[in-house]
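Residue-level listing of the chains:
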Amino acid sequence: MNKFTIVGIGAFIGGAVLLGFQTISTLMQTEGGPLMHPKSGWKQMALVDIFNAKSFDWIDSLSWQTLQHVANYIVTMPLFLLLFVIGALAFVLNAFFGK
């Protein structure tokens, strides 16, 4: 197995486990907590929820506006979706650079 394959499988498994735990916690929750969406009860976990918000202050100092928007989108998108995208990207890289 190639390194890209291992990273892809790990990212997909991590995304699936995170999605499963978020689904289970949503089904078990009766009242909204601090990270719960008021209507759906779905818990959105992103990179800004895991790391300190001060860790991402460097994004505002980027000189290119489009790059700022892309970086803000990446750090605020749901973490399970980010893991699935990383896994898919690793599989595509494996198709081109794998032996």
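Keep in mind that what you see is a predicted model, and the values were worked out from it rather than measured.

Definitions and limits used
- Residues numbered from 1 in each chain as written.
- Predicted model: local features only at pLDDT ≥ 70, side-chain atom pairs only at ≥ 80, totals over all residues.
- Heavy atoms only, no water.
- Helix = DSSP H or I, 4+ residues; strand = E, 2+ residues; numbered from the N terminus.
- Buried < 20%, exposed > 50% of the residue type's maximum accessible area, 1.4 Å probe, protein only.
- Contact = heavy atoms within 4.5 Å.
- Areas by Shrake-Rupley, 256 points an atom, 1.4 Å probe, with all protein chains shown as cover.
- Expected span 1.5 Å × (residues − 1).
- Arc of directions from axis to C-beta.
- Core = buried A, V, L, I, M, F, W, Y, C linked by side-chain atoms within 4.5 Å.
- Patch = residues over 30% accessible without salt bridge, like charges linked within 9 Å, V, L, I, M, F, W, Y side chains within 5 Å.
- Salt bridge = Lys/Arg side-chain N within 4 Å of Asp/Glu carboxyl O.
- Phe/Tyr/Trp six-rings, centres within 6.5 Å; stacked < 30°, edge-to-face > 60°.

Quick word on the overall build of the protein chain
Right, so step 1: Per the secondary structure count, the protein chain includes four helices and zero strands.
Right, so step 2: Residues counted as buried form 23% of the 99 residues belonging to the protein chain.
Right, so step 3: Pairs at least 24 residues apart make up 63% of the contacts formed inside the protein chain by residues separated by at least 6 positions.
Right, so step 4: Accessible surface computed for the protein chain: about 7200 Å², of which carbon and sulfur atoms make up 70%.

Section: the side chain of Gln68
Right, so step 1: Mapped onto the elements, Gln68 comes out in helix 3 (residues 65–76).
Right, so step 2: Gln68 sits in the buried class, given a relative accessible area of 14%.
Right, so step 3: In contact with Gln68, other than residues within four places in its own chain, are Ile59, Asp60, Ser61 and Leu62.

Re helix 3
Right, so step 1: Relative to the 16 Å expected for 12 residues at 1.5 Å per residue, helix 3 spans 17 Å between its end C-alpha atoms, a close match to the ideal helical length.
Right, so step 2: Buried within helix 3 are the following residues: Gln68, Ala71 and Val75. Angularly, the buried residues of helix 3 cover 70 degrees about the axis, an arc narrow enough to put them on a single face. Summarising the geometry of helix 3, the exposed residues directed more than 90 degrees from the buried face are His69 and Tyr73.
Right, so step 3: For helix 3, the elements touching its buried residues are helix 2 (47–50).

Things to note about the nonpolar core
Right, so step 1: Within the largest apolar cluster, 10 residues are counted, these being Leu18, Leu47, Phe56, Ile59, Ala71, Val75, Met77, Leu79, Phe80 and Leu82.
Right, so step 2: Listing elements by their share of this core, those giving two or more residues are helix 3 and helix 4 (79–97).
Right, so step 3: In terms of residues, this core owes the most to one element, helix 4, which gives three residues.
Right, so step 4: Residues in contact with Ala71, not counting those within four places in the same chain, are Ile59 and Leu62.

Looking at a nonpolar patch on the surface
Right, so step 1: A cluster of nonpolar side chains, Met1, Ile6, Ile9, Phe12, Ile13, Val17, Phe21 and Phe91, forms an exposed patch at the surface whose accessible area comes to about 800 Å².
Right, so step 2: Looking at which element gives the most residues to the nonpolar patch, the answer is helix 1 (residues 3–28), with six residues.
Right, so step 3: Looking at where Met1 falls in the secondary structure, it is placed in the segment before helix 1.
Right, so step 4: Classification of Met1 as exposed rests on a relative accessible area of 77%.

Side note on the packing of aromatic side chains
Right, so step 1: Under the definition given, this model contains four aromatic pairs.
Right, so step 2: For the ring pair Phe51 and Phe56, a centre distance of 6.4 Å and an interplane angle of 70 degrees mean the geometry is edge-to-face.
Right, so step 3: Measuring from centroid to centroid gives 6.3 Å for Phe80 and Phe84, while their planes differ by 80 degrees, and the two rings are edge-to-face. Here the residue Phe80 and the residue Phe84 both occupy positions in helix 4, the gap between them amounting to four residues, near one helical turn.
Right, so step 4: Of the residues examined, Phe84 reaches a relative accessible area of 22% and is grouped as partly exposed.
Right, so step 5: Ring pairs connect the aromatic residues Phe12, Phe80, Phe84 and Phe91, which therefore count as one cluster.

All quantities given are derived from atomic positions and should not be read as evidence of function.
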